[in-house]
Amino acid sequence: MKKKWIVSFLCLTVLISFIVHFLKEDEKLKVVVVAKSLDLEYWKIFESGAKEAFHDFDIDGQVIAPNSIYPISNEVDTLKKVLRQHPDALIVTPIHPSVTIPVLMEYKKNNIPVLFAGRDADWEDKVTYIGTDHLKLGIMAGQLLGSMLQPGDQVAIIHGTLKDHAEVERIKGAKEALGKAGIEITTEQLGEDRYGKTISVFENILQNHPDIQGVFATDDLIALNVLKTVEKEGLMIPIIGTDGITDMIDIVNEGKLSATIAQNPYDMGYLSVVQAIKAVNGEHVPERIDSGVDILTK
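The notes below deal with the structure included here. Keep in mind that this is a model prediction, so the values were computed, not measured.

Quick notes on the rules
- Residues numbered from 1 in each chain as written.
- Predicted model: local features only at pLDDT ≥ 70, side-chain atom pairs only at ≥ 80, totals over all residues.
- Heavy atoms only, no water.
- 1 Å grid on protein atoms, 1.4 Å probe; cavity = no way out; pocket = protein on both sides within 12 Å on 5 of 7 lines; lining within 4 Å.
- Points joined across faces, edges and corners; volume = space filled by probe spheres on them.
- Helix = DSSP H or I, 4+ residues; strand = E, 2+ residues; numbered from the N terminus.
- Nonpolar A, V, L, I, M, F, W, Y, C, P; charged D, E, K, R; others polar.
- Phe/Tyr/Trp six-rings, centres within 6.5 Å; stacked < 30°, edge-to-face > 60°.
- Buried < 20%, exposed > 50% of the residue type's maximum accessible area, 1.4 Å probe, protein only.
- Pairing = 2+ DSSP bridges.
- Axes fitted to C-alpha atoms, helices over the stretch in contact; angles between N-to-C directions.
- Contact = heavy atoms within 4.5 Å.
- Core = buried A, V, L, I, M, F, W, Y, C linked by side-chain atoms within 4.5 Å.

**Description of empty space enclosed by the protein**
Here is step 1 of the chain: Tallying each qualifying case throughout the model produces one cavity of 30 Å³ or more.
Here is step 2 of the chain: Of the voids in this model, the largest cavity is the one considered here, and its volume is about 30 Å³.
Here is step 3 of the chain: Taken together, Ile-199, Ser-200, Val-201, Phe-202, Ile-222, Asn-225, Val-226 and Thr-229 make up the full set of residues lining the largest cavity.
Here is step 4 of the chain: Among the elements that line the lining of the largest cavity, the one with the most residues is helix 8 (residues 220-232), at four residues.
Here is step 5 of the chain: Class assignment for the residues of the lining of the largest cavity results in five nonpolar, three polar and no charged.

Written out as structure tokens, the structure reads:
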């Protein structure tokens, strides 16, 4: 009797194990992307790349973003909600690393791999960074602007918040390249308000520095804002942006600007999902993956 009971128990155990294994095999990987924003074209393109990868690899994927990057608690609250879903992997754009990383440490404790995409930050436990090499982008932008000018010419740099690591790296790269070309950087101005919305500053720059012959803008929205003032004043000066959004590409095609630098947010979104799958499966993931930049001309 005892022998029969043991055999029955073992058979039941094997059956349960088989069912559990079958269910796990049938389960899709769950990957959540917490992006910077979804109300800007750049991040919508990023979302499209991620969703294409979800489809290609049959992933249970989701792309979400805070309603606004301010207050800084928005991203933290979003990450806490996602943590309660216990995804297999998290892809995140760390907007405010000082408050974001403590939450990401909770993901680490729960054995959820965390990948950075679009924006990098110093955190040794991230799996990888997928995105633009912003220093390289800045150098390319500076070289492009320098090629349109003469040594001794004056330029302005108009940027977003310097709390953003990407902005700092772009400016650093542009300064390096412009310096080598003998171009004088006359002024550096903030082109966004405290909520990250573009503001008009170029009219004031022209009043104080009427000899400005070129502008490096650290994103396309700032560049397009500068172009409005340039056209209003009847000027013909090069303006270099850094995103490659549709409006900027149209302006280059129309001949209003001769060239711009473009990032690859679609590839960024797609590659981040590919690397997340590798991380979940315990495969090797490089520490940094450059999604590349391109010079766009007519």
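**Structural notes on the packing of aromatic side chains**
Here is step 1 of the chain: Summed over the entire model, instances satisfying the criterion amount to four aromatic pairs.
Here is step 2 of the chain: Ring geometry for Phe-116 against Trp-123: centres 6.1 Å apart, planes inclined by 25°, an arrangement best described as stacked. Trp-123 shares its class with Phe-116; the two are buried.
Here is step 3 of the chain: Three or more aromatic residues link up through ring pairs in this structure, and these residues are Tyr-42, Trp-43 and Phe-46.

**A word on the sheet that holds strand 5 (residues 129-131)**
Whenever strands of a sheet pair, they do so through backbone hydrogen bonds, lying parallel or antiparallel.
Here is step 1 of the chain: Reading across the sheet, the six strands line up as 2-1-3-4-5-11 and stay open at both edges, with parallel pairing between neighbours. Whereas interior strands pair on both sides, the edge strands pair on one side only; in this sheet they are strand 2 (60-64) and strand 11 (288-290). Sheet twist, expressed as the mean angle between neighbouring strand axes with direction ignored, is 15°.
Here is step 2 of the chain: In this sheet, strand 3 (residues 89-92) lies alongside strand 1 (residues 30-34) in parallel orientation, the contact comprising four bridges. Looking at strand 3, one finds that Val-31 is bridged to Ala-89.
Here is step 3 of the chain: Those strands touched by helix 3 (residues 73-85) are strand 1, strand 2 and strand 3, and its axis lies near 175° from that of strand 1.

**Points about the nonpolar core**
Here is step 1 of the chain: Phe-54, Ile-91, Ile-158, Phe-202, Val-215, Val-226 and Ile-239 are the most contacted members of the largest nonpolar core, which totals 44 residues.
Here is step 2 of the chain: In this view, Ile-91 contacts Val-31, Val-32, Val-33, Val-34, Leu-115, Ala-117, Ser-272, Val-273 and Ala-276; residues no more than four positions away in its chain are not counted.
Here is step 3 of the chain: In this structure, Leu-79, Val-82, Val-103 and Ala-121 belong to the second largest nonpolar core, which totals 18 residues.

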